[in-house]
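Each chain, letter by letter, is given below.
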Amino acid sequence: MRQEGTIAAIATPPGHGGVGIIRISGPDSHAILGRLFLPASPRFSGFRPWTLHRGRACDASGAPLDDVLAVAMPGPRTFTGEDVAEIHCHGGPAVLAAVLEAACAQGARLAGRGEFTRRAFLNGRMDLTQAEAVAEMIAAPARGGLRLAQARLQGLLGTRVAGLRARLLDLRAQVCVAVDFPEDEVDCLAPDAFVAECDAVAVGVRGLLAAHERGRCWQEGALVVLAGHVNAGKSSLMNALLGRRRAIVTDMPGTTRDFIEEPVQLAGLPVRLVDTAGLRDTGDIVEQEGVRISRDLVAQADLVLLVVDAAAGLGHAERELLRQVRDQHTGAAHSTSMLVVLNKTDLAEFTEGAAAVQWPSEVEGCPCVAVSALRGQGVDELAAAARAMVLAGLGAPDATGAGGEPESGDLAPNLRQAQVLRRALDELEALVADVRAGVPYDLCSVRLDGACAVLSEITGETTPAEVLEHIFSSFCIGK
């Protein structure tokens, strides 16, 4: 991953806007800016660092392209750690393309995906957790995900991981002393003390993995699945939660045969809301496949909204379905919450009279909410209950910060980092087992080295080049 030459790219999103920015980074960035820029002031004598100067951007022949503001930023105290220049133009695609073409004509080359951030990482301006947080801040679906990305961008996660690794390195040094000088008794390396220190690091790793589960819904969106018998009003309920008509609604049972997924926010919590085919026995091959997919989605969900037709009443079939779905997750590794939704309450109230209907708050041990998707009654209460249950199911209280969002100091690793942490935890658990089994310390040191090496992949000290390439290739061009 060599850094070659001076790179340039459009740093603002594609499309039309008031302002667009061309970013240039590398050893020739200030010289290229000087050849592109025609100052507006006759007193201009050169770029003052970190100061915006007004003028015109010109092409290679000297023809003006746009009225701009330009700034030169000397390294190493820049985003990339190199000399950086920026040209702030009007935000039209044609203008930006022309100025970028002029920059390339003066000696820059087009930047690749994530190349600015990659240079910042390679130049030591940030560790790998911070580099990943740059892309995560841009892609954050809600303020909760933004807070978690900010904590990583500040280097808090990298610092925590480095602290855990430092404890293992200290333990490794003590192992070396015990192996190299066996005649010296090192009391602190008694097996119980060795195991206690490994366990302490393992506790820290498990804490970060738990934070990953808590933060996952804020970063990726929780999976909430609408399930139930045909014609229970699942599609109507989905439309009500979305606030628009997305799913087809008819009186004919089995209208939905495939699943429909849409993003929505429940009071700031990002959710992937899925409407599924009605669960029933059917001879229709297409509908059978839809039912199979529905059951798979239910198994993966963070929350299942079991929709029941309140007008028809909660009969044996509905209770049996409730028990089947609930029992499916008993003792499973993936924990799924369930919320019973009594829908079509307007029809039941019309039949029985509003005063005669007392909707239960719990059914078969599961919380229950009564709604009318058609009238929009109870939908807000359902959204609030669903949000609370998703967060509770992930071990996160619903009062984690302002507006129920996670605190900025919550160190929630992303998926890649969590996978690395699980590998580190496997090494630590195997190491503890070896020590307790009486394996000699010189052999135990192999697993200790392995755990240290795995943890260093999180911050990028020993991350394989192909992994780095994959990470930065997922960035947008210009960042």
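Bear in mind that the values here come from a model prediction, so they are computed numbers and not experimental data.

### As for the pattern of salt bridges
Between side chains of opposite charge, pairing is possible as soon as their charged atoms come close. Evaluation of the coordinates by the stated rule reveals 19 salt bridges. Between glutamate 86 and arginine 23 there is a salt bridge, with its nearest N and O atoms 3.3 Å apart. Of the two residues, glutamate 86 is situated in strand S6 (residues 84-91) and arginine 23 in strand S2 (residues 17-25); the sequence distance between them amounts to 63 residues. Take glutamate 86 and arginine 23: they sit in the same class, and that class is buried. In this structure, arginine 423 and glutamate 457 form a salt bridge, with 3.0 Å as the shortest nitrogen-oxygen distance. With arginine 423 in helix H13 (residues 415-436) and glutamate 457 in helix H14 (residues 441-459), this residue pair connects regions lying 34 residues apart in the sequence. Classification of arginine 423 as partly exposed rests on a relative accessible area of 39%. What makes glutamate 457 buried here is its relative accessible area of 13%. Via salt bridges that share partners, Glu82, Arg109, Glu115, Arg118, Arg119 and Glu469 belong to a single interconnected network.

### Some words on unusual backbone geometry
Cis peptide bonds are those with omega within 30 degrees of zero, and the linkage from glycine 75 to proline 76 qualifies with 5°. Within the element layout of this structure, proline 76 appears in the loop between strand S5 (64-73) and S6. One non-glycine residue with positive phi stands out, namely tryptophan 50, at about 65°. Taking the relative accessible area as the measure of exposure, tryptophan 50 reaches 41% and is therefore partly exposed. Backbone geometry places lysine 344, a non-glycine residue, at a positive phi of 60°.

### A closer look at the confidence of the model for the protein
Summing up the model confidence of the protein, the mean pLDDT is 81 and the portion of residues at 70 or higher is 80%. Across residues 252-257, confidence stays below pLDDT 50; counting only partners more than four residues off in sequence or on other chains, it has 18 contacts. Below a pLDDT of 50 lies the segment residues 397-404, which in the model reaches 15 contacts outside its immediate sequence neighbourhood of four places, other chains included.

### Examining the sheet that holds strand S10 (residues 269-275)
Two modes of strand pairing occur in sheets, parallel and antiparallel, and in both the strands are linked by backbone hydrogen bonds. Ordered by their spatial adjacency, seven strands build an open sheet running S9-S10-S8-S11-S12-S14-S13, and the pairing between neighbours is mixed. If you trace the sheet from one side to the other, it starts and ends with strand S9 (260-266) and strand S13 (362-363), each paired once. As paired elements, strand S8 (residues 222-228) and strand S11 (residues 303-309) share five bridges and run parallel to each other. Paired with leucine 226 across the strands is leucine 305, a residue of S11. Running over the sheet, helix H7 (residues 191-220) touches S8 and S10 and is turned about 75° from S10.

Analysis parameters
Residue positions are given per chain, counting from 1 as you read along its sequence in written order. Given that this is a predicted model, residues contribute local features only at a pLDDT of at least 70 and side-chain atom pairs are listed and counted only at 80 or more, while totals for whole chains, interfaces and linings are drawn from all residues. To get the side-chain values, all heavy atoms of the structure are used, and hydrogens and water are removed first. One side-chain nitrogen of Lys or Arg within 4 Å of one carboxyl oxygen of Asp or Glu is enough to make a salt bridge. Only runs of H or I of at least four residues qualify as helices and only runs of E of at least two qualify as strands under DSSP, and these elements are numbered from the N terminus. Each residue's exposure class comes from its accessible area (1.4 Å probe, protein chains only) as a fraction of the maximum for that residue type: buried when under 20%, exposed when over 50%, partly exposed otherwise. pLDDT: the predictor's confidence for each residue, scored from 0 to 100. Pairs of residues are marked as contacts when any of their non-hydrogen atoms sit within 4.5 Å. When DSSP locates at least two bridges between a pair of strands, those strands are taken to pair. Lines fitted to the C-alpha atoms define the axes, with helices restricted to the stretch that makes contact. Angles between their N-to-C directions range from 0 to 180 degrees.

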